[in-house]
Amino acid sequence: MKEKLVLVGNGMAGARLLEEVLALAPDRYAVTVIGEEPHGNYNRILLSQVLSGEKRFDETLLNDESWYAQHGATLLAGRKAVALNRGRRQVIASDGSIIDYDRLVLATGARSIELPLPGSHLRNVLTFRNIAEVEAMLQVARPGRKAVVIGGGLLGLEAAWGLSHRGMSVTVIHLMDRLMERQLDAPAAALLKRSLEERGLSVLVDTESQALVGQTKVEGVRLRDGRVLPADLVVMAVGIRPNIELAQQSGIQCERGILVNDSMQTFDPRIYAVGECVQHDGHVYGLVAPLFKQAKVCANHLAGAGFARYQDSVLATKLKITGIDLYSAGNVTGGEGYEELVLEDPKRGVYKKLVIRDNKLAGALLYGETENESWYYDLMRDGSDITELRSNLLFGRGHGGDAGHSGHMAVAAMSDDTEVCGCNGVTKGQIVQAIAEKGLFTVEEVRLHTKASASCGSCTGKVEQILGFTLGGDYSAAPKEKPLCTCTDHSHAEVRRAIREQHLTSLAETMSFLEWKTPDGCPKCRPALNFYLIATWPGEAKDDPLARAHNERVHANIQQDGTYSVVPRCWGGLTNATELKVVAGIAERYGVPVKITGGQRLAIPFIKKEDLPKVWGELAEHGMTSGFAYGKAVRSVKSCVGKGLCRFGTQDSLGLGIRMEKTFWGAWTAHKFKMGVSGCPRNCAESTIKDFGAVGVDSGWEIHVGGTCGVRVRPTDLLTKVKTDDEVIEYAAAFLQLYRDEGYYMERSSAWIERAGLPHVKHRIVECDNSRKDLATRFFTAQATAQVDPWVERGTKGDQRMEYEMLEIADMAA
Amino acid sequence: MSTTELNWIEAGGLDDLPKPGGRKLRTPQGDIALFRTSADEVYALADKCPHRGGPLSQGMVYGQRVQCCMHGLNLDLASGKAVAPDQGCATSYPVKVEGGRVWIGLSLAAAGCACA
Ligand code: SRM
Ligand SMILES: Cc1cc2nc3c(=O)[nH]c(=O)nc-3n(C[C@H](O)[C@H](O)[C@H](O)COP(=O)(O)OP(=O)(O)OC[C@H]3O[C@@H](n4cnc5c(N)ncnc54)[C@H](O)[C@@H]3O)c2cc1C
Ligand code: SF4
Ligand code: FES
C-alpha cells in the first residue's frame, strides 16, 4: 500500500513541494492536501497585479482543482487543519474530518500583522495577503475615493500603486524615516519616494498612525500629531507573522517559526515544514525564492531521491511597480568592515550601490538601471573574488573582460549557470536547454517547462530575450518564412535545401525544378540563386555573371557619373613604395585623385569602364590584385601594427592580418564579409565591429564574430579564445563556411547570427571540434579553386571583353 | 513616330549582345542601350535612366524588363516606361533582327519618349 502524505497549506511553498514530489516519485504516496483557501493554488505574488488591474485572478492560478485530481491527489479546499494527533498520526480538519498520515508537511505560510489600533475592527480595514482581501479592496476602490496604506515596505507600496492605478487617491504612511528600509539606503529610498510622488501618490515618512476613526466603516486615520487623513479604505501592510499555531499546539518546537533542520524536518521526524511558517538557522523568509528551494530539498527527502540540504539563500527583491526599476539584494547598508561603491546620476534617475566585504560582493542596490542584477546576484551567491572586476564593477558586466561590449548583449553574455529566474532558481542554461530539446517557442511554453518567469514575472523580459537569442529569427518570425521574392513561393531556406538535396547546379535547373513563375527570375532572386549555387557546389556550379548585381558583374563599383572606382588589395593595410608608385602612376596618367578608404586601402576613382582592363592590367603587372570592394565577398582585413611595432602589442596582428587576407580572399559570401585583427584590447583595428575579428591578448587571441558598422551598428559576440594564429585561421574558415552554408543572400553575418542564434554558432564552431574541422576543411576545399583573380583575367588575358567594350556607330547615314 | 522618316542602321551582331543582358551603343545622337532578352527579343532605349540619368545598358535584364544599376528603377523594355509604382520613361527605338544582325531605326528628327 502507498504511504500517506498529507500537506497542510495549499499556498506557494506547499503546492511547489507537491509538484516536486510528484515529479520525483509519482507513485510513492497517496496524497491529501488540506487548504484553507477555497481554490486550487494561485500565484500570490501576482495579487499586486490583480489589484492594479494588470492581471485577472484566473491568470494567477497555478494548479486548478482538476490538476490535483489528474495527479491522484485529494484536495480538501476551504478546510482548515485545526489540530494534530501526532501519536495517532492524524490531522483533524475544521469540518471534523480526520486524515491519517505517514508523513506530514506543514506549509501554513504566514499572515499579515494587524496593528492593534483603536478602530481596527471597522469595515474596509484590510490587510493584503490573499485574493479574498483583494476582492474586498476592489469593492471599495473607485476613482476619487481615498485610501491610506499603513506601511511603506514592498507590500504596502504595491498595494498603494494598485489602488492608485484603480483611480483612488492614495497616501502611504510609514513609521521609519525612509521607505523599504530593509532593502534600501537613504538615497535610493529618496529616489523611490520621488518617483512615487511623481506618479501621484502621497508619501508620509516618519509618521505614526494612532487610531482609525469611523462609525461602522472606516472614515479616516488619525496620526500621532493629531491630523486626520480621510479614508474610505485602509490597508495595513506592516509585516507578516508565521502561522505556527497548529505546530505549537501539538508540541512541535517553534520559535518565531517552526524550527527545521537542513532537510526541512521538524523535531518530529515524520513532520516536515516549508515556506514562510518555517525558521531555519535563525532565519524566517518572506520571499518565494528561498521557499522554493526549501520545497525542493524537502521533496528530495520525501522522494528518497538522495540527499539535499537547504542552505541560507542570498535574498533579492524587486519592486513590481510598472516603470520603477528597483533591485535590492544582500546587505545594502554596509557597516563596519564593508566598503561601498556608489554611482549616482540624479538626472537619469539612476543610483547604484555595491557593498563589498573582503573583496567579495555582499550587497547590490540598483535603482533605475537593473540590467546587471543577475550578474551581481551570481557574484554574491558564488562568493566570487571581485578584485579584478573592481574598476568596472559598477558599470556592469559589459565593461569588464571582453573587449568593447555594451550592456544590451547582456543575455548573450550571461554564463549558463546565471540564474535568470530568481524565484524559481532557473538558470540560463536550463532555459536554453529546454528551448532546444523540447522545441519551445513562446514564453508561456518556457514557463510551463522550466517555471522560469512563472512566479513574480519580473524576469519575463529576460526569458523573452533568451528565447529570441536561442531561436534567433525563428522566435518572432511567423512559422512559415517569407518567399524569396515574387517569382516564387519558396523561402530562402527552401531554395537552399532544394539546391543541396536535388544537386541543382544552374539557375535554369533550379528555377525549373522549383517551378519559378517567371522565365528569368528578377534582380532579387537571380543573384541569390547564383550565390546559393556557387556556395553549395563550389567548382561545380558555374558562376553566371549575368545573374550578378552590376558591381559584381563588372568587378568595380559604378560611381555617380558612370565611371568606376578601382580598389586593389592592400594586404592587412600594409603597402610599400613600389605599390604606391604604381597607383601614383595610374592616377597621374588618368588625371584622377587617390582616395584612402575606410577599409585601409587606396582607391582610384573616376576610371571609365573601357579603361578598367588597362588599369587592372597595369596593376596586375606589379602583383596588385582586386580588392573585391564591389563584392559580397571577403573584403579587407583591417589590421593594426601590433607587436613588433606598437609598444602595447601582445600579438603580431599585422602578420596575422596579412596571412588572413591572403588565405581568405576570393571567397564569395552571402553579404560582404569584413575582418579585423587587433594586437591588444585597445583594439585599434576595430575588430569588434567586424564580421570576424581577432583581438590579441597575452595568452593568444579573442575571437569575435557578427559585428557590423553600416546601416546598423552591432558589436560582435565573443565566440571564444584561442592560443595560436593557426587556430584563428581555422576558426575563421569554419565561421566563414557556416555563414556561407546558412546565411541568406544579403544577410550580414550579424543578422544571420541573430536569426540562427549564437548558441548554435558556438556549438558548431567552438563546442564541437569535429564540426569545426569539417567546416574548415570544406572551406579550404572550395577555396582551392576560388582564388582566381578577376582583374588579372580581364586585364591581362582579355576575358569578358564584351563587357568592357562598347558597340559603336560612327556614321549615321550608313 | 512614323517609319517613313527612319534611318535603319546596323548596330552589330545578335551574338554581340549578352543574353539576357544589355550593351551600350555609342552613336553621334547619344548613347543607346541595346538589350537582348532570354527569348532573343532585342530592344533599344536611350541609355539614360529617367530617374537620375544612370546608364540603363549596365542594368540587369530579366523577362521583358531592365533594372537600372544605379538605384533599382525597373523599366519595360518594349515601351521604355517605368514599371508601376515607379514613374518615368526612357526614349525607345525600333529594332529589327535580320540574319543575325541587329538593326536600329533612328530618326533624323529628335526621337520622343512613349509617355511624352
Ligand atoms: C570606398 C568606401 C568609402 C571610402 O571612401 O572610404 C566605400 C564605398 C562604398 N560603400 Fe561602403 N565603403 C567603404 C567602407 C565602408 C565601411 C568601413 C569599413 O569597412 O571599415 C562600412 C561600414 C562597416 C561595415 O560594413 O560593417 C561601409 C558600409 C557600407 C554599406 C552598409 C553595409 C551594411 O551592412 O549596413 C554599404 C551598402 C551595402 O553593402 O549594401 C556600402 C556600400 C558602398 C558602396 C559599394 C555603394 C555602392 O554600391 O556603390 C560604395 C562604393 C563607392 C565607390 O565609389 O567605390 N558600404 N563601407 C570604403 C571602401 C573600403 C574598402 O577599402 O573596401
Ligand atoms: C501581494 C503580495 C505580493 C508579493 N510579492 C512578492 C514578490 O514579488 N516576490 C516574492 O518573492 N514574494 C512576494 N510575496 C510573498 C510570497 O507570496 C510569499 O512568500 C509566499 O506566498 C509564501 O508561501 P507559503 O506557501 O509559505 O505561504 P502562503 O502562500 O501564504 O500559503 C499558505 C497557505 O496555507 C493556508 N493555511 C494556513 N494555515 C492553514 C491551516 N491550518 N489549514 C489549512 N490551510 C492553512 C493559507 O490559507 C495559505 O493558502 C508577495 C506576497 C503578497 C501577499
Ligand atoms: S557612405 Fe558609402 S555608400 Fe554612402 S556615399 Fe559614402 S561611400 Fe557612398
Ligand atoms: S539612375 Fe536609374 S535608378 Fe537612379
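Residues numbered from 1 in each chain as written. Chains lettered and ligands numbered in written order. Predicted model: local features only at pLDDT ≥ 70, side-chain atom pairs only at ≥ 80, totals over all residues. Heavy atoms only, no water.

1. Considering the sheet that holds strand β2 (residues 29-35) of chain A
The pairing of strands in a sheet happens through backbone hydrogen bonds and is either parallel or antiparallel. Residues and elements named next belong to chain A. What the five strands build is an open sheet, ordered β5-β2-β1-β9-β21; its pairing is parallel. Lying at the two open borders of the sheet, with one neighbouring strand each, are β5 (73-77) and β21 (271-273). If you compare each strand with its neighbour and ignore which way they point, the axes differ by 15 degrees on average. Where β2 meets β5, five bridges bridge the pair, whose relative direction is parallel. (Pairing = 2+ DSSP bridges. Helix = DSSP H or I, 4+ residues; strand = E, 2+ residues; numbered from the N terminus. Axes fitted to C-alpha atoms, helices over the stretch in contact; angles between N-to-C directions.)

2. Brief notes about the packing of helix α11 (residues 428-438) of chain A against helix α12 (residues 443-450) of chain A
Residue and element names in this part refer to chain A. Interaxial distance between α11 and α12 falls to 10 Å at its minimum, and their mutual angle equals 110 degrees. Classified by the angle between their axes, α11 and α12 sit roughly perpendicular to one another. Note on element contacts: α12 touches α11 through Val446, His449 and Thr450, opposite Gln430, Ile431, Ala434, Ile435 and Lys438. Partitioned by chemical class, the residues of the contact of α11 with α12 number four nonpolar, three polar and one charged. (Parallel < 35°, antiparallel > 145°, perpendicular 65-115°, else oblique. Contact = heavy atoms within 4.5 Å. Nonpolar A, V, L, I, M, F, W, Y, C, P; charged D, E, K, R; others polar.)

3. Considering the state of the cysteines
Applying the stated criterion across every chain, the model contains zero disulfides over all chains. Here A:Cys684 is not cross-linked by a disulfide; its sulfur's nearest cysteine counterpart is in A:Cys640, at 5.8 Å. (Disulfide = S-S within 2.5 Å.)

4. A short note on the sheet that holds strand β13 (residues 169-173) of chain A
Residues and elements named next belong to chain A. Judged by pairing direction, the sheet is parallel, and its five strands sit side by side in the order β11-β18-β12-β13-β14 without closing on themselves. At either margin of the open sheet sits one strand with a lone partner, and together these are β11 (125-127) and β14 (202-204). Neighbouring strand axes in the sheet, compared pairwise and without regard to direction, differ in orientation by 20 degrees on average. Sheet topology places strand β12 (residues 146-150) next to strand β18 (residues 233-236); four bridges connect them, and they run parallel.

5. With respect to the site of ligand 2
Residue and element names in this part refer to chain A. Neighbouring residues of ligand 2: 33 residues in total, closest Ala13, Glu37, Arg129, Glu276 and Lys320. Here Glu36 contributes a backbone N or O atom positioned 3.1 Å from a nitrogen atom of ligand 2. In this structure, Arg129 approaches ligand 2 through a side-chain N or O atom, which is 2.5 Å from an oxygen atom. When residues of the shell around ligand 2 are traced back to their parent elements, those giving at least two are α1 (12-24), β2, α5 (154-165) and α8 (288-302). With three residues, α1 is the single largest residue contributor to the shell around ligand 2. (Near = heavy atom within 4 Å. Polar contact = N/O pair within 3.5 Å; in protein donor to acceptor, adjacent residues only side chain to side chain.)

6. Some thoughts on the confidence of the model for chain A
Residues and elements named next belong to chain A. Mean pLDDT over chain A: 91, with 96% of residues reaching 70 or higher. A low-confidence stretch, residues 399-408 (pLDDT under 50), is modelled with 15 contacts involving residues beyond four sequence positions or located in other chains. A low-confidence stretch, residues 476-480 stays under pLDDT 50, and its non-local contacts, those more than four residues away or across chains, total two contacts. (pLDDT = per-residue confidence, 0-100.)

7. Quick word on the environment of A:Asp185
Residues and elements named next belong to chain A. Along the chain, Asp185 turns up in the loop between β13 and α6 (186-198). Linking Asp185 and Thr333, residues 148 residues apart in sequence, is a C-alpha distance of 6.0 Å. Discounting chain neighbours no more than four positions away, the residues touching Asp185 are Arg178, Val332, Thr333, Tyr351, Lys353 and Leu365. Polar side-chain contacts of Asp185 include one of 3.1 Å to the backbone nitrogen of Ala188. A polar side-chain atom of Asp185 sits 2.4 Å from a polar atom in the side chain of Tyr351.

8. Topic: the pattern of salt bridges
Taken as a whole, this structure holds 59 salt bridges over all chains when the rule is applied. Between A:Glu59 and A:Arg56 there is a salt bridge, with the nearest N and O atoms lying 3.8 Å from each other. Assessed through its relative accessible area of 52%, A:Arg56 is described here as exposed. With its nearest N and O atoms 2.5 Å apart, the salt bridge here joins A:Arg548 to A:Glu552. When sorted by exposure, A:Arg548 lands in the same class as A:Glu552, which is buried. Where salt bridges share partners, they join A:Glu610, B:Lys24, B:Arg26, B:Asp31 and B:Asp47 into one cluster. (Salt bridge = Lys/Arg side-chain N within 4 Å of Asp/Glu carboxyl O. Buried < 20%, exposed > 50% of the residue type's maximum accessible area, 1.4 Å probe, protein only.)

9. A look at the pairing of strand β10 (residues 101-107) of chain B
All names here are of chain B. Most of β10 is tucked away, with five of its seven residues classed as buried. Note: strand β1 (residues 6-13) against β10, seven bridges, orientation antiparallel. Counted as the bridge partner of Glu10 is Trp103 from β10. Direction of pairing for strand β9 (residues 95-98) relative to β10: antiparallel, over a ladder of four bridges. Each bridged residue has a counterpart across the sheet, and for Val97 the counterpart in β10 is Val102.

10. What about the packing of aromatic side chains?
All names here are of chain A. For the structure on display, the rule yields 19 aromatic pairs over all chains. Where Trp616 meets Tyr804, the ring centres are 5.5 Å apart and the plane angle is 85 degrees; that geometry is what we call edge-to-face. In this pair, Trp616 is assigned in helix α19 (residues 612-621) and Tyr804 in helix α26 (residues 801-804), connecting sequence segments 188 residues apart. For the pair Trp616 and Tyr804, a shared accessibility class is recorded, and that class is buried. Relative to Phe735, the ring of Phe673 lies with its centre 6.1 Å away and its plane at 50 degrees, an arrangement referred to as tilted. Here Phe673, found in strand β35 (residues 673-678), pairs with Phe735, found in helix α21 (residues 725-742); they are 62 residues apart in sequence, far enough to count as distant. Residue classification places Phe673 among the buried positions, given a relative accessible area of 0%. One aromatic cluster is present, built from ring pairs that chain together Phe673, Phe692, Phe735, Tyr739 and Trp752. (Phe/Tyr/Trp six-rings, centres within 6.5 Å; stacked < 30°, edge-to-face > 60°.)

11. Structural notes on the side chain of A:Thr563
All names here are of chain A. Its location among the elements puts Thr563 in the loop between β30 (557-558) and β31 (564-566). A distance of 2.6 Å separates the side chain of Thr563 from the side chain of Asp561, its partner in a polar contact. When near neighbours in sequence (up to four residues on either side) are disregarded, Thr563 contacts Asn557, Ile558, Phe606, Ile607 and Lys608.

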